[in-house]
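Here is how the chains run, residue by residue.
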Amino acid sequence: VEHLEGKTIYVYAYFYQADNMTPLHNPYGNDLYFYRTGTVNTEHTSGRFDDFKIFVPYSGLNMAPGTSDSFSFDISVECGGEQLDRNNDNSFTFTSGS
C-alpha cells in the first residue's frame, strides 16, 4: 500500500458458494467473512505485508458434519471505507468432519 502511513488496513475474506455470487452465511444469518488488520509504519510512505494470514476456523464455515462442497472466496483490501484492491473467485473444496 502507498501513502497510508499510520492508517489501519483491513483485509477481508468473503466466502461464497461455487458460483462466487451466493454468499455463505454464519450461524446468525449474516454474510460470512473473516478479516485481519495491519498498519503501515508512520516512518514509511508505503507498506508491504508479505506474509499476511487470515485465520478461518473450520467451524467458521458453518457446514453440517460429513458434507463436501465447492466454494469460493474473494479477498478485499480496504482502508477508511474505500476498497483499494480485490482478488475474486478463488475456488476451493471443503469436506467437514463427521
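My aim in this report is to walk through the structure given alongside it, one point at a time. (Residues numbered from 1 in each chain as written. Predicted model: local features only at pLDDT ≥ 70, side-chain atom pairs only at ≥ 80, totals over all residues. Heavy atoms only, no water.)

### A closer look at the side chain of Asn 20
Thinking step 1. Inspection of the secondary structure puts Asn 20 in the loop between β1 (8–17) and β2 (33–39).
Thinking step 2. Owing to a relative accessible area of 15%, Asn 20 belongs among the buried residues under this scheme.
Thinking step 3. Here Ser 72 takes part through its side chain, which lies 2.5 Å from a polar atom of the side chain of Asn 20.
Thinking step 4. Here the side chain of Asn 20 touches Asp 74 through a polar contact of 3.4 Å, side chain to side chain. (Helix = DSSP H or I, 4+ residues; strand = E, 2+ residues; numbered from the N terminus. Buried < 20%, exposed > 50% of the residue type's maximum accessible area, 1.4 Å probe, protein only. Polar contact = N/O pair within 3.5 Å; in protein donor to acceptor, adjacent residues only side chain to side chain.)

### Details of the pairing of strand β3 (residues 68–79)
Within a regular strand, side chains alternate between the sheet's two faces.
Thinking step 1. Two strands pair when backbone bridges link them, and β1 and β3 are joined in this way by 8 bridges, in the antiparallel orientation. Residue Phe 15 lies in a different strand from β3, and its bridge partner there is Phe 73.
Thinking step 2. Where β3 folds back onto strand β4 (residues 82–95) in an antiparallel hairpin, the turn is made up of 2 residues, including Gly 80, whose phi is positive at roughly 60°. (Pairing = 2+ DSSP bridges.)

### A look at a nonpolar patch on the surface
Thinking step 1. Residues Tyr 10, Tyr 33 and Tyr 35 make up a contiguous nonpolar surface patch of roughly 310 Å² in combined accessible area.
Thinking step 2. By secondary structure assignment, the location of Tyr 35 is in strand β2.
Thinking step 3. Among the residues examined, Tyr 35 registers a relative accessible area of 47% and is labelled partly exposed. (Patch = residues over 30% accessible without salt bridge, like charges linked within 9 Å, V, L, I, M, F, W, Y side chains within 5 Å. Areas by Shrake-Rupley, 256 points an atom, 1.4 Å probe, with all protein chains shown as cover. Salt bridge = Lys/Arg side-chain N within 4 Å of Asp/Glu carboxyl O.)

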